[in-house]
Amino acid sequence: MKPAHLEARLHLSEARESSIIVYPENSLKELARQQFGTEQVELKPPPLGTLDHTALRVGQLLKAELTKDQGAAEFYIEHLIAILGLHILHAYTSRDREPEQLKGGLTRKAARNLEHFLRANLARKISVGELATLANLSPNHFIQAFSRTFGKSPHRYLLDLRLDHATRLLSEEDATITDVAYLSGFSSQSHLTAAMKKYRGTTPTRFRSSI
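Quick caveat: nothing in here was measured; it's all calculated off a predicted structure.

## Here we look at the overall build of the protein
Then comes step 1: The helix and strand tally for the protein stands at 10 helices and four strands.
Then comes step 2: Starting at the N terminus and ending at the C terminus, the protein contains elements arranged as β-β-α-β-α-α-β-α-α-α-α-α-α-α.
Then comes step 3: Put simply, the protein shows about 12900 Å² of open surface, and 52% of that area lies on carbon and sulfur atoms.

## Topic: the packing of helix α4 (residues 108–120) against helix α5 (residues 128–135)
Then comes step 1: Contact pair α4 / α5: the axes reach a minimum separation of 10 Å and the direction vectors enclose 145 degrees. The crossing of α4 and α5 is right-handed. Contacts from Leu114, Phe117 and Leu118 of α4 reach α5 at Glu130, Leu131, Leu134 and Ala135.
Then comes step 2: Partitioned by chemical class, the residues of the contact of α4 with α5 number six nonpolar, no polar and one charged.

## Structural notes on the side chain of aspartate 160
Then comes step 1: Along the chain, aspartate 160 turns up in helix α7 (residues 154–172).
Then comes step 2: In contact with aspartate 160, other than residues within four places in its own chain, are Lys152 and Arg200.

## Details of unusual backbone geometry
Then comes step 1: At asparagine 136, a residue that is not glycine, the phi angle is positive and equals roughly 60 degrees.
Then comes step 2: Along the chain, asparagine 136 falls in the loop between α5 and α6 (139–150).

## What to know about the nonpolar core
Then comes step 1: Ranked by internal contacts, the top residues of the largest apolar core, which has 30 residues, are Leu163, Phe186 and Leu192.
Then comes step 2: The leading source of residues in this core is helix α3 (residues 74–92), at seven residues.
Then comes step 3: Non-local contacts of phenylalanine 186, meaning those with residues more than four positions away in its chain, are made with Leu159, Arg162, Leu163, Ala181, His191, Leu192 and Ala195.
Then comes step 4: With 18 residues, the next largest nonpolar core counts Ala110, Leu131, Ala145 and Leu158 among its residues.

## Some points on the layout of surface pockets
Then comes step 1: Space inside the second largest pocket adds up to approximately 1000 Å³.
Then comes step 2: Secondary structure elements with two or more residues in the lining of the second largest pocket: α1 (25–36), α2 (53–66), α3, α4 and α7.
Then comes step 3: Broken down by element, the residue count for the lining of the second largest pocket peaks at 10 residues, all from α3.
Then comes step 4: When its residues are assigned to classes, the lining of the second largest pocket shows 12 nonpolar, eight polar and 11 charged.

## Some words on the side chain of lysine 68
Then comes step 1: Summarising the element assignment, lysine 68 is placed in the loop between α2 and α3.
Then comes step 2: Take lysine 68: its relative accessible area is 14%, and that puts it in the buried class.
Then comes step 3: Filtering out sequence-adjacent residues up to four positions away, lysine 68 remains in contact with Arg206 and Ser210.

About the cut-offs
Residues numbered from 1 in each chain as written. Predicted model: local features only at pLDDT ≥ 70, side-chain atom pairs only at ≥ 80, totals over all residues. Heavy atoms only, no water. Helix = DSSP H or I, 4+ residues; strand = E, 2+ residues; numbered from the N terminus. Areas by Shrake-Rupley, 256 points an atom, 1.4 Å probe, with all protein chains shown as cover. Axes fitted to C-alpha atoms, helices over the stretch in contact; angles between N-to-C directions. Left-handed = near helix turned anticlockwise from the far one by under 90°. Contact = heavy atoms within 4.5 Å. Nonpolar A, V, L, I, M, F, W, Y, C, P; charged D, E, K, R; others polar. Core = buried A, V, L, I, M, F, W, Y, C linked by side-chain atoms within 4.5 Å. Buried < 20%, exposed > 50% of the residue type's maximum accessible area, 1.4 Å probe, protein only. 1 Å grid on protein atoms, 1.4 Å probe; cavity = no way out; pocket = protein on both sides within 12 Å on 5 of 7 lines; lining within 4 Å. Points joined across faces, edges and corners; volume = space filled by probe spheres on them.

Put into structure tokens, the structure is as follows:
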């Protein structure tokens, strides 16, 4: 992975399979703003020869989707590329001048506390009122501040977290799809299937069969 404004040359001593994903600079800045509240990030690549298992796994999922006979799901491809971009930002960047609070948004501390709370409670029902109380805001003010900070509504952010968690369970565990649904906060297998089909362009069964 490399920013679009940098040149890259690769010399291999033997034949091997590889993929190159280019991120426009504006796309990386937007991802950084959503994640960190600032676009001021500097990429610090790992030492030559480093094996990044997370990036490798996303690459394998991209290859599996792109080489399907029935054609790739465009939204699913876009989501995998976004996940890879976020991983790169978290793993290989340094950040300076990180603002305490994005204008009109949550404080950095409140945003981190909410993110940790949501990830720890994916499997149960979570109300906007509960989240607003944690942030010490009224529900209406909270929704506006949350959306300004994370770039999406609390409901959509939580849904994406649940879909990400379901995808990991489908990839790494032997649990049934019904169990994956409940562990990820969905009311049933059909609920998970409908959400994955609408927002990821695939289904649990199709996703698992591609692994």
